[in-house]
Amino acid sequence: MDLPNLTEVRRPTSRSQLGLSAAVVPLAGGTWLYSEPQPHLTGLVDLTALGWSPWEARPDGGLSIAATCTIAQLVAIPASAARRATPLVRQSAESLLQSFKVWNTATVGGNIATALAAGALIGLGGALDAELVVWTPDGGERRQRVADFVLGERRTTALPGEVIRSIEVAPGPLDAVTAFRRIALTPLGRAGTVLAARRDPDGAVVLCVTGGTTRPEVLRFAAPPTADLLRAAVERIGTWFTDAHGAADWRRAMTLRLAEEIRQELAA
Ligand SMILES: Cc1cc2nc3c(=O)[nH]c(=O)nc-3n(C[C@H](O)[C@H](O)[C@H](O)COP(=O)(O)OP(=O)(O)OC[C@H]3O[C@@H](n4cnc5c(N)ncnc54)[C@H](O)[C@@H]3O)c2cc1C
């Protein structure tokens, strides 16, 4: 897709050269930006020129994933760093409906910033309580959980000039047992609902529902929930939506069924 209103595409080598605004926005993999018209944009700033390391093991045992880490680089993080969350990382990445090109160029930050309901890495971040480090235009930074950053379909808390620098995962969630379910109307269809969950060593359970809801819905339980408790929590979700990839009532029903499967799996 040509973007005829662009007058500049810059490749900064330092933060001070970012110069972002409402009309001059970050370019990461470009897989979404170049997939549809962007009449409101006059410039792109290619974050990949900043040369961020795709990921780093933190001194505390956590994981710092650069916003520019591609999906291919994400799934290549060794199990020594991603530990017990390793299968959830791959399952979430594979739930993104994509081509070989998207796999190798789409970035974690771009997926979260795009804030699609089917945002595969939003569910991963929600289940792991990952926190975004967001650079603010005044030279500072703010931190916010992925699940709180995404407000709705194509809506986030990001203000003009802000850029996601990294996605931080604390060591605790990396040591949790995880489970994942996804369903679509067709074998290669966009997700109807996606469930990513973890059970911490102390028994606490976190379940993040995306795909069928307009925003990530995070359900928390201090101890493994009973079937009734879990069902009641899923039934309280009020953000189901209908589109070509599924009706709201079907998405809700499938989520109830898959959540119960996850409950039993995590209890085993
Ligand atoms: C064939 C195809 C299939 C797809 N399937 C899915 C799917 O199943 N699920 C899904 O969620 N998405 C899907 N997408 C869209 C998906 O969001 C993007 O493909 C990808 O994840 C976006 O990452 P990117 O690095 O290419 O972002 P870009 O296209 O470069 O940018 C996307 C948006 O994020 C902003 N942005 C990028 N990086 C940052 C940053 N660090 N800080 C702040 N803002 C930033 C950009 O300014 C832009 O607004 C699909 C796209 C294609 C082409």
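This is a predicted model, so every value here is computed, not measured.

Caption draft 1: Quick look at the overall build of the chain. Within the chain, the regular secondary structure consists of 10 helices and 14 strands. Rg of the C-alpha trace for the chain: 18 Å, near the compact-globule value of 18 Å for 268 residues, within the 12% margin. Over its C-alpha atoms, taken along the principal directions, the chain stretches across nearly 55 × 45 × 35 Å. Restricting to contacts in the chain with at least 6 residues of sequence separation, those with at least 24 account for 59%. With the model as given, the accessible surface of the chain reaches about 12000 Å², and the carbon-plus-sulfur share is 55%.

Caption draft 2: Broad picture of helix α9 (residues 227-235). For α9, every residue scored as buried is listed here: L230, A233 and V234. Each buried residue of α9 lies within a common arc of 100° when the element is viewed along its axis, so the set occupies one face. For α9, the elements touching its buried residues are β13 (205-210), β14 (217-221) and α10 (248-267).

Caption draft 3: A look at the site of the ligand. With respect to spatial proximity, 26 residues lie near the ligand, and among them P26, G30, T31, L97 and T107 are the closest. At 3.2 Å, a backbone N or O of A118 approaches a nitrogen atom of the ligand. Considering the ligand on its own, with 970 Å² of exposed area, one finds that the protein chains cover 87% of that surface. When contributions to the shell around the ligand are tallied by element, the ones reaching two or more residues are β2 (24-27), α5 (108-114) and β10 (163-169). The element contributing the most residues to the shell around the ligand is α5, with 4 residues. Counting contributing residues, the shell around the ligand receives three or more from each of domain 1 (8-45) and domain 2 (54-172).

Caption draft 4: Focus on the packing of α9 against α10. Running from amino to carboxyl end, α9 crosses α10 at an angle of 145°, the nearest separation of the two axes being 10 Å. Considering the relative orientation of α9 and α10, their crossing is right-handed. Here A227, L230, R231, V234 and E235 of α9 come into contact with α10, specifically with R252, T255, L256, A259, E260 and R263. When the residues that make up the contact of α9 with α10 are grouped by side-chain class, the tally is 5 nonpolar, 1 polar and 5 charged.

Caption draft 5: Representation of the domain arrangement of the chain in the model. Domain boundaries assigned for the chain yield domain 1 (8-45), domain 2 (54-172) and domain 3 (173-267). Counting residues at the interface gives 10 residues for domain 1, matched by 14 residues for domain 2. Taking both partners together, domain 1 and domain 2 bury about 940 Å²; carbon and sulfur atoms supply 68% of that area. Where domain 1 meets domain 2, there are 0 salt bridges. At the junction of domain 1 with domain 2, the criterion picks out 3 residue pairs in polar contact (both at pLDDT 80 or more). Residues belonging to the side of domain 1 that touches domain 2 are distributed by class as follows: 6 nonpolar, 3 polar and 1 charged.

Caption draft 6: Helix α3 (residues 86-94), seen in detail. For α3, every residue scored as buried is listed here: L88, V89, S92 and A93. End-on, the buried residues of α3 take up no more than an arc of 130°, which puts them together on one face. Turning to α3, the residues buried within the fold contact α1 (71-75), α4 (100-105), α6 (120-127), β11 (177-184) and β12 (191-199).

Caption draft 7: Spatial organisation of the sheet that holds strand β4 (residues 55-57). The 5 strands are arranged β4-β5-β10-β6-β7 in an open sheet whose pairing can be described as antiparallel. Looking at which strands have only one partner, the edges of the open sheet turn out to be β4 and β7 (141-145). Averaged over all neighbouring strand pairs, the angle between strand axes comes to 20°, with direction disregarded. Of the strand pairs in this sheet, strand β5 (residues 63-66) and β10 are connected by 4 bridges, and their pairing is antiparallel.

What counts, and where the lines are drawn
Residues numbered from 1 in each chain as written. Predicted model: local features only at pLDDT ≥ 70, side-chain atom pairs only at ≥ 80, totals over all residues. Heavy atoms only, no water. Helix = DSSP H or I, 4+ residues; strand = E, 2+ residues; numbered from the N terminus. Rg over C-alpha atoms; globule rule 2.2 N^0.38 Å. Contact = heavy atoms within 4.5 Å. Areas by Shrake-Rupley, 256 points an atom, 1.4 Å probe, with all protein chains shown as cover. Buried < 20%, exposed > 50% of the residue type's maximum accessible area, 1.4 Å probe, protein only. Arc of directions from axis to C-beta. Near = heavy atom within 4 Å. Polar contact = N/O pair within 3.5 Å; in protein donor to acceptor, adjacent residues only side chain to side chain. Domains from an automatic or database assignment. Axes fitted to C-alpha atoms, helices over the stretch in contact; angles between N-to-C directions. Left-handed = near helix turned anticlockwise from the far one by under 90°. Nonpolar A, V, L, I, M, F, W, Y, C, P; charged D, E, K, R; others polar. Buried area = accessible area lost by both parts, 1.4 Å probe. Salt bridge = Lys/Arg side-chain N within 4 Å of Asp/Glu carboxyl O. Pairing = 2+ DSSP bridges.

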